[in-house]
Amino acid sequence: MTRFAKSALAALISLCTPLATPLGVTQAVQAADLGVYSDDDGGVCGQPWVLNKITSRFSYQVHHVPHLPNVQITDFRRIHQHRYLAANETWPIGRRYCGATVSLSDGRDRTIWYLIEEGQGFASIGDNVEFCVSGFDRWMVYNGRCRILR
């Protein structure tokens with residue numbers, strides 16, 4: 001099976017089986033869903049599906065990237081949207097740039113930056129979320145200190 005086929009199959013399975021997450025992830029997501037929303041949380045940036053997706057993908061990242069500490073996201077605070085680029089004729093993808101502070105299971109707080117791309121989910125269904133937790137971008141995917149998502 002090719003690498004592309006494996007990643008497509010994994011994405012499809014994760015979309016079809018939302019209850020197939022490890023118990024620790026489910027507990028972290030529930031903790032993040034409790035009372036963290038306010039009127040100024042950036043609307044879409046604080047929606048449960050966004051925070052759940054980030055929490056799940058972060059858990060996958062710390063288990064599969066070498067030399068990262070084994071921690072979970074336990075809470076989101078100070079959720080805000082700091083930029084919105086609406087879709088238009090020259091740029092067909094709307095983007096929301098969001099930020100927050102996350103509490104990790106080791107007791108530390110970290111800054112998280114994330115991007116919600118409208119209509120860029122699996123097979124162009126739904127929205128895509130890209131995120132970067134400060135200190136966890138080991139391979140500099142987001143150009144060090146999460147600069148790309150700020």
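Just above, that's the structure.
Being a predicted model, the structure only gives us computed values, none of them experimental. (Residues numbered from 1 in each chain as written. Predicted model: local features only at pLDDT ≥ 70, side-chain atom pairs only at ≥ 80, totals over all residues. Heavy atoms only, no water.)

### Regarding the state of the cysteines
To be explicit about the condition: When two cysteine sulfur atoms lie within 2.5 Å, the pair is treated as a disulfide. Only DSSP runs of H or I covering at least 4 residues are called helices, and only runs of E covering at least 2 are called strands; the numbering of each starts at the N terminus. Whether a residue is buried, partly exposed or exposed follows from its accessible area with a 1.4 Å probe, protein chains only, as a fraction of its type maximum: under 20%, in between, or over 50%, in that order.
A full pass over the atoms with the stated rule returns two disulfides. Between Cys-132 and Cys-146 runs a disulfide, and the two sulfur atoms are separated by 2.0 Å. Disulfide Cys-132 to Cys-146: torsion about the S-S bond roughly -65 degrees, handedness left-handed. Within this pair, whereas Cys-132 is found in strand 4 (residues 128-133), its partner Cys-146 is found in the segment after strand 4, the two being separated by 14 residues in sequence. Pair check on accessibility: Cys-132 and Cys-146 agree, each one buried. Once the bonded cysteines of the chain are numbered in order along the sequence, the disulfide links fall as 1-2, 3-4.

### A short note on the sheet that holds strand 4
Just so we agree on the cut-off: DSSP calls a pair of strands paired once it identifies at least 2 bridges connecting them. Axis definition: a line fit to C-alpha positions, over the contact stretch in the case of helices; interaxial angles, taken between N-to-C directions, run 0 to 180 degrees.
The strand order across the open sheet formed by four strands is 1-2-3-4, and the pairing between neighbours is antiparallel. Every other strand in the sheet has two partners, leaving strand 1 (73-85) and strand 4 as the edge strands with one partner each. Shown here is a sheet whose adjacent strand axes are inclined to one another by a mean of 20 degrees, direction ignored. Where strand 2 (residues 95-104) meets strand 3 (residues 109-117), nine bridges bridge the pair, whose relative direction is antiparallel. What sits directly across from Thr-101, in strand 3, is Thr-111.

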